[in-house]
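Each chain is listed here by its residues.
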Amino acid sequence: MFSHFRCCSSLKLHWLRSCWVLQVWGQAFRAVMDVPGLDLHGWEVSDDGAVAVTWDTPESISAVQAVVDALTSGCQSKIGCKTNRCKCLKASKNRCIGCRCKNCCN
């Protein structure tokens, strides 16, 4: 389940923003600076010039959401996990972390 969890893309975007800052500060004593584009370094620039941080890629965000959903999507059976009303038992999960059954035995 956790093999879908990706953090490398957010780390890469953070690294690109850090490199941008380093490049700009490295030219601080120059009369004319060559400022690299923000859109290539982990920011989004809209048509009106507003700048927003790109925290992660949409693929990684959906993968993280899938993991969160899997961890919190337990059933709420009031009669316990040993019946077919338990979603965890139906899905043949050995352990349902998000299970909210009363007297859970998974």
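It should be emphasised that the depicted structure is a prediction, and the values quoted were computed from it without experimental measurement. (Residues numbered from 1 in each chain as written. Predicted model: local features only at pLDDT ≥ 70, side-chain atom pairs only at ≥ 80, totals over all residues. Heavy atoms only, no water.)

A. Main features of the overall build of the chain. Helix and strand content of the chain: three helices and two strands. Reading the chain from its N terminus to its C terminus gives the helix and strand order α-β-β-α-α. The buried share of the chain, taken over its 106 residues, is 25%. For the chain, contacts bridging at least 24 residues in sequence account for 45% of all contacts bridging at least 6. Summed over all atoms, the accessible surface of the chain reaches about 8,000 Å², with 59% contributed by carbon and sulfur. (Helix = DSSP H or I, 4+ residues; strand = E, 2+ residues; numbered from the N terminus. Buried < 20%, exposed > 50% of the residue type's maximum accessible area, 1.4 Å probe, protein only. Contact = heavy atoms within 4.5 Å. Areas by Shrake-Rupley, 256 points an atom, 1.4 Å probe, with all protein chains shown as cover.)

B. Quick peek at the packing of aromatic side chains. Throughout the structure, instances matching the rule amount to one aromatic pair. Consider the rings of tryptophan 20 and tryptophan 43, whose centres lie 5.1 Å apart with planes at 80 degrees: the pair is edge-to-face. Highlighted residues: tryptophan 20 in helix α1 (residues 8-26) and tryptophan 43 in strand β1 (residues 43-45), separated in sequence by 23 residues. (Phe/Tyr/Trp six-rings, centres within 6.5 Å; stacked < 30°, edge-to-face > 60°.)

C. Focus on the side chain of arginine 17. Of note, arginine 17 is situated in helix α1. No salt bridge is formed by the buried arginine 17, whose closest oppositely charged neighbour, aspartate 56, lies at an N-O distance of 8.9 Å. Setting aside chain neighbours within four positions, we find arginine 17 in contact with His41, Gly42, Trp43, Val53, Thr54 and Trp55. (Lys, Arg positive; Asp, Glu negative; His and termini not counted. Salt bridge = Lys/Arg side-chain N within 4 Å of Asp/Glu carboxyl O.)

D. Summary view of the confidence of the model for the chain. Of all residues in the chain, 61% attain a pLDDT of 70 or more, and the chain-wide mean is 78. The low-confidence segment residues 1-5, where pLDDT is below 50, has eight contacts with residues more than four positions distant or belonging to other chains. (pLDDT = per-residue confidence, 0-100.)

E. Looking closely at the side chain of histidine 41. Within the fold, histidine 41 resides in the loop between α1 and β1. When its relative accessible area of 12% is taken as the criterion, histidine 41 is described as buried. If we skip the residues at most four places from it in the chain, histidine 41 touches Leu13, Leu16, Arg17, Trp20, Gln23 and Pro36.

F. Representation of helix α2 (residues 58-72) within the structure. With 15 residues, α2 extends 21 Å from end C-alpha to end C-alpha; this agrees with the ideal 21 Å at 1.5 Å per step. Residues of α2 that are buried include every one of Ser60, Ala63 and Val67, and no others. Projected down its long axis, α2 shows its buried positions confined to an angular sector of 60 degrees, all on one face. Next to the buried residues of α2 lie α1. (Expected span 1.5 Å × (residues − 1). Arc of directions from axis to C-beta.)

G. α1, seen in detail. The terminal C-alpha atoms of α1, which comprises 19 residues, lie 26 Å apart, in line with the 27 Å expected from a rise of 1.5 Å per residue. Where α1 is concerned, the buried positions are Ser9, Leu13, Leu16, Arg17, Trp20 and Val24. Down the axis of α1, the buried set is contained in an arc of 95 degrees. They therefore lie on one face. In α1, the exposed positions angled more than 90 degrees off the buried face are occupied by Cys8, Leu11, Trp15, Leu22, Trp25 and Gly26.

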